[in-house]
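# Observations on the three-dimensional arrangement
If you want the building blocks of each chain, they are given just below.
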Amino acid sequence: VTGRPVQTITGASVSDRRNTWDAKVARRFGEATIAVSRAVSREEDYLSHAFGMEARYDLNERHTTLIAGFGKSNDRVRSSDDAQLDEPRATREYLAGIAQVLSPLATVQSTLTRTEGRGWFNDPYKLTLTFYPDAPFVVAPDRRPSSRGTLAWLTRYRQHVPAARGTLQADYRYYRDDWGVRAHTLEVAWQHTLDERWSVRPALRYHTQGAADFYSPTVPRPQPEVHSSDQRLAAFGGLTPSLRVIARLEGGTTVEATVGYMHNAGSLRAGSGSPAFETLRAVYGILSIAHEF
């Protein structure tokens, strides 16, 4: 009513449980490795079936690895608010990449991923409410294109420094899609070895992105066929510091505990951010246990 767009997030209105399982089998044939994977995920309002294949080929005395992959998922989008909603979404993913040993202490890996999706991309829980000074207010549902093509380029660099007992880890990811979103993500970390069992890994990640072509915090006039006020499609930036502690136990068990803090805001974008973007702050924790046998 004041003329300043406000993003309002409601609390959860339903209880939900996600059950997921996945399996991956890989076999080596000389210098080549072939892997196949299968995954199923079930939620109250979303069902996903995914399948994947990956091939790796070593050459140059295993200093160079070529990577190729294909993935496909068939999903069903549903809604706890609308029992009639049951729409398909199909996605195909293609991956190509290369990993190179630069020296006994340095490696680099670069991959290019293309994703093509078709089906229901609307968010059934998001609405845009707009008050006009000279007309009745409008409540518009989330309406997005029925297809989405994405391209992501990820490059990882690792440099071990024996004198400092640590490894520099740097990742850069460029992302673009045909919705108009362009994003850059840079993460720099240092994994420091304390002794034979313990390591720590402080890291800092920065993310910046532009808004989708059809994003608007208010409903434009005339009302377009495609429109979303989902602030994940807005222009914003984010900083995420984190700390990971790694313990290598006897018997081949490794325990990793990570804590991080995420801060997303329009002012953190490299450029001007969307003025209606509501600052998001979150603390997260991850515990991972791996056992080799």
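Residues numbered from 1 in each chain as written. Predicted model: local features only at pLDDT ≥ 70, side-chain atom pairs only at ≥ 80, totals over all residues. Heavy atoms only, no water.

Here the focus is the overall build of the chain. Across its full length, the chain carries zero helices and 15 strands. Structurally, the chain occupies a C-alpha span of about 70 × 40 × 35 Å along its principal axes. Across the 293 residues in the chain, those meeting the buried criterion constitute 32%. Contacts in the chain between residues at least 24 apart in sequence constitute 53% of all its contacts with a sequence separation of at least 6. (Helix = DSSP H or I, 4+ residues; strand = E, 2+ residues; numbered from the N terminus. Buried < 20%, exposed > 50% of the residue type's maximum accessible area, 1.4 Å probe, protein only. Contact = heavy atoms within 4.5 Å.)

All right, on to the pattern of salt bridges then. In total, this model carries 20 salt bridges according to the counting rule given. Where Asp230 meets Lys126, a salt bridge forms, and the shortest distance between an N and an O atom there is 4.0 Å. Pair noted here: Asp230 is in the loop between strand S12 (198-209) and strand S13 (236-248) and Lys126 is in the loop between strand S6 (106-119) and strand S7 (127-132), with a separation of 104 residues, a long-range link. Assessed through its relative accessible area of 25%, Lys126 is described here as partly exposed. The closest approach of N and O atoms between Arg144 and Asp142, which form a salt bridge, is 2.6 Å. Note on accessibility: Arg144 and Asp142 belong to one class, buried. Residues participating in the shared-partner salt-bridge network are Asp123, Lys126, Asp142, Arg144, Asp230 and Arg232. (Salt bridge = Lys/Arg side-chain N within 4 Å of Asp/Glu carboxyl O.)

Summed over all chains, the structure comprises six aromatic pairs. Summarising the aromatic geometry, the rings of Phe121 and Trp179 are spaced 5.7 Å apart at their centres and angled 85° between planes, so their arrangement reads as edge-to-face. Of this pair, Phe121 sits in the loop between S6 and S7 while Trp179 is found in the loop between strand S10 (166-177) and strand S11 (182-193), placing the two residues 58 residues apart along the sequence. Looking at Trp179, the relative accessible area reads 2%, which means it is buried. An angle of 70° between the planes, with centres 5.2 Å apart, marks the rings of Trp179 and Phe214 as edge-to-face. Residue Trp179 is found in the loop between S10 and S11, and its partner Phe214 is found in the loop between S12 and S13; the two are separated by 35 residues along the sequence. By the burial criterion, Trp179 is buried, and Phe214 matches it. Aromatic rings pair up to connect Phe121, Trp179 and Phe214 into one cluster. The residue whose ring lies beneath Arg148 is Trp179, and the NZ or CZ to ring-centre distance is 4.0 Å. If you follow Arg221 out to its NZ or CZ, it ends over the ring of Tyr132, 4.4 Å from the centre. (Phe/Tyr/Trp six-rings, centres within 6.5 Å; stacked < 30°, edge-to-face > 60°. Lys NZ or Arg CZ within 6 Å of the ring centre and 35° of its normal.)

On to the pairing of strand S8 (residues 135-141), then. When S7 meets S8, the two strands line up antiparallel, connected through five bridges. Bridge assignment links Tyr132 to a residue of S8, and that residue is Ala135. Counted along the chain from S7 to the antiparallel partner S8, the turn is two residues long. (Pairing = 2+ DSSP bridges.)

Across 14 bridges, the pairing between strand S5 (residues 86-103) and S6 is antiparallel. Across the sheet, residue Arg89 finds its bridge partner in S6, namely Gly119. The hairpin turn running from S5 into S6, its antiparallel successor, is two residues long. Here 13 bridges tie S6 to strand S9 (residues 147-161), and the two strands are oriented antiparallel to one another. Each residue of the ladder has a partner; that of Thr111, found in S9, is Leu154.

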